[in-house]
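Single-letter residue listing:
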Amino acid sequence: MRRPGRAGAEARSLLLNGHLDVVPSGDPALWSHPPFTATTVDGWMVGRGAGDMKSGWAMAVLALSALLEVGEPAGDLTFVGVIEEECTGNGTLASVRAGVLADSVLVVEPTDLTLMTAGIGVLWLDVEVVGTQGHALAAPDGVSALEAAIDVIAALRTVTEELNADQDPSRYHLNIGTFGAGEWRSTVPGTAVLGVRIGFPEDWDPDDGQRFVTERLTVALADHPWLSEHPPAITPSGFRARGYTLADGSDIAEELAAAHHAVHGTRPETVATNGTTDARFYVNEGAVPALCYGPRTRGMHGVDEAVELDSIVAGARVLARFMASWLDTPKAPAA
Ligand SMILES: [Zn+2]
């Protein structure tokens, strides 16, 4: 049997990509079912990662087994499982830089069976605020870094409003994901650190995004009695994702839409995410057409995350049909 995923085939090649990591569950007490027991209720499987993105893996494995039942396709098929999609994208980036590529790429993220062809830029930043540490009995004379950080959050909200000034609805969202300050109750906290995620426009690079946040935050804090003189320190930490957009009319989008139409009788919607996906590395770094297509989910990253099990089969029927056609079509001759 031919080794999968190696160059030299005459037919078109395809790469399926999926991430293996999941985000933390949060407090299990908030869940209706324990987050790591995969409970099924009314056709939906509940669990952390059930949607994002074990569902895509299940869809791809079903489609692959259907494909192999009818014979081995001519073109090379590669399946890349990556780490760290949820925090940096370094897994996919490493595989792209190692040359693991194909003529087109399908990332099997859950998309409610739509074609997801674009994502915004995303930055993770640590925002460190410094106050004046001291005894609580002199609290009125000190500056609590914790309370100053609350003012920084308000200022970050105004920066986000500026980012979204010409967007309706807004696309570039701010999330304060973590907040750390203080050691105990009788000391005025000397430092506080906000873990910030912020979106930025597709045509900026991450340095543009960080510069915008830094400059506009300085303006927003210009009248602050403490922070105007002691501005927060901003450090990149994790995501530095450039936005991406798959060009209109790509073969993979057209043929996947045709396969969806053949199976379900309608053309799938084309959508852009207000987040990012690993498809960006293929489009931006590898110059390879890439998009996402996968099952229907709810509550991703939240409590009671779940996948609609029927949508895994619905997506697998499309994917199997698409792969059979794609992998048996000769490569276009080089221009
Ligand atoms: Zn995901």
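Here the structure is a predicted model, which means the values were calculated and not measured. All residue numbers here refer to positions counted from 1 along the written sequence of the relevant chain. Predicted model: local features are reported for residues with pLDDT of at least 70 only, side-chain atom pairs are reported and counted for 80 or more only, and whole-chain, interface and lining totals are derived from all residues. Calculation of side-chain values draws on the structure's entire complement of heavy atoms; hydrogens and water are dropped beforehand.

K.L.:
So what about the coordination of the zinc ion? Which residues, and what values?
P.N.:
Only nitrogen, oxygen and sulfur atoms qualify as donors, provided they sit within 2.8 Å of the metal or within 3.2 Å for Na, K and Ca; with water excluded from the atoms, sites may seem incomplete. His-19 (NE2), Asp-52 (OD), Glu-109 (OE) and Glu-109 (OE) make up the full set of protein donors to the zinc ion, lying at 1.9 to 2.6 Å. Metal sites are grouped by the angles between bound donors: all angles between 85 and 135 degrees with four donors is tetrahedral, opposite donors over 155 degrees apart with the others between 65 and 115 is square planar for four donors and octahedral for six, and any other pattern is irregular. Here the zinc ion is ringed by 4 donor atoms whose angles at the metal span 53 to 152 degrees, and the overall shape comes out irregular. Binding-site remark: the zinc ion is held by donors from one chain whose sequence spacing is H-x32-D-x56-E. Of the two residues, His-19 is situated in strand β1 (residues 14-19) and Glu-109 in the loop between β5 (104-107) and β6 (115-119); the sequence distance between them amounts to 90 residues. Type-normalised accessible area, obtained with a 1.4 Å probe on protein chains alone, sets the label of each residue: buried when under 20%, exposed when over 50%, and partly exposed for intermediate values. Judged by relative accessible area, Glu-109 falls into the buried class, the value being 7%. Counting from the N terminus, the helices are DSSP H or I runs at least four residues long and the strands are E runs at least two residues long.

K.L.:
Explain the layout of surface pockets to me, and be specific about the residues and the numbers.
P.N.:
Both site types are read off a 1 Å grid over the protein atoms alone. A 1.4 Å probe that fits but cannot get out defines a cavity, while an open set with protein on both sides within 12 Å along at least five of seven lines defines a pocket; lining residues have an atom within 4 Å of a point. Grid points are joined across faces, edges and corners, and a volume is the space filled by probe spheres set on the points. By volume, the largest pocket is sized at about 1000 Å³. If you list the elements that add at least two residues to the lining of the largest pocket, you get β7 (121-130), β9 (174-181), β11 (191-200), β12 (233-241) and β14 (270-273). Element by element, the count of residues in the lining of the largest pocket is highest for β7, at 4 residues. Here the lining of the largest pocket is composed, by residue class, of 12 nonpolar, 15 polar and 8 charged. Three classes are used, and their members are as follows: Ala, Val, Leu, Ile, Met, Phe, Trp, Tyr, Cys and Pro are nonpolar, Asp, Glu, Lys and Arg are charged, and the others, Gly among them, are polar.

K.L.:
Tell me what's going on with the sheet that holds β11, and back it up with residues and numbers.
P.N.:
If DSSP finds at least two bridges between two strands, the strands pair. The antiparallel open sheet is built from 4 strands, whose spatial order is β9-β11-β7-β12. Edge positions in the sheet fall to β9 and β12, since each has one partner strand and no second. Put simply, the sheet's adjacent strands are angled 20 degrees from each other on average, direction ignored. By the bridge criterion, 7 bridges tie β9 to β11 in an arrangement that is antiparallel. The partner of Leu-174 across the bridge, within β11, is Ile-198. In what follows, residue pairs with any heavy atoms lying within 4.5 Å of each other are defined as contacts. Only the stretch in contact is used when a helix axis is fitted, and all axes are lines through C-alpha atoms; the angle between N-to-C directions ranges over 0 to 180 degrees. On top of the sheet, helix α3 (residues 145-163) reaches β7, β9 and β11; it is set at about 10 degrees to β11, its chief contact. Seen against the sheet, helix α4 (residues 206-220) touches β7, β11 and β12 and runs at an angle of roughly 150 degrees to β12.

K.L.:
So what's going on with the pattern of salt bridges? Residues and values would help.
P.N.:
What makes a salt bridge here is a side-chain nitrogen of Lys or Arg within 4 Å of a carboxyl oxygen of Asp or Glu, nothing more. Throughout the structure, instances matching the rule amount to 11 salt bridges. Across the pair Arg-12 and Glu-255 runs a salt bridge, and its minimum N-O distance is 2.9 Å. You can see Arg-12 sitting in the segment before β1 and its partner Glu-255 sitting in helix α5 (residues 251-264), a full 243 residues away along the chain. Judged by relative accessible area, Arg-12 falls into the buried class, the value being 9%.

K.L.:
Would you mind going over the domain arrangement of the protein in detail, with residue names and values included?
P.N.:
Where a domain begins and ends is set by an automatic assignment or by a domain database. According to the domain assignment, the protein consists of domain 1 (14-119 + 243-327) and domain 2 (121-241). The centre of domain 1, based on its C-alpha atoms, is set 33 Å off from the matching centre of domain 2. In this complex, domain 1 contributes 13 residues to the contact, which on the side of domain 2 involves 11 residues. The term buried area refers to how much accessible surface (probe radius 1.4 Å) is lost by two components on association, counted for both of them together. Regarding the contact of domain 1 and domain 2, the summed buried area is about 920 Å², with carbon and sulfur atoms giving 52% of it. Of all residues in domain 1, the largest losses of buried area upon contact with domain 2 belong to Cys-87, Gly-243 and Asn-274, amounting jointly to 50% of the total for that side. At the boundary of domain 1 and domain 2, one finds 0 salt bridges. Pairs of N or O atoms within 3.5 Å make up the polar contacts considered here, provided that, within protein, one atom can donate a hydrogen while the other can accept it, and that residues adjacent in sequence are counted only when both atoms are side-chain atoms. Our count for the contact surface shared by domain 1 and domain 2 stands at 4 residue pairs in polar contact (both at pLDDT 80 or more). In terms of residue class, the side of domain 1 that touches domain 2 is built from 2 nonpolar, 8 polar and 3 charged.

K.L.:
Which residues make up the sheet that holds strand β3 (residues 44-46), and what values go with them?
P.N.:
Strand order across the open sheet formed by 4 strands is β2-β3-β17-β16, with antiparallel pairing between neighbours. One side of each edge strand has no neighbouring strand; the edge strands of this open sheet are β2 (39-41) and β16 (297-298). Relative to β3, β2 runs antiparallel, the two being bridged by 3 bridges. Residue pairing across strands places Thr-39 opposite Val-46, the latter belonging to β3. This element, helix α1 (residues 50-69), spans β3, β16 and β17 (306-308) of the sheet and lies at about 40 degrees to β17.

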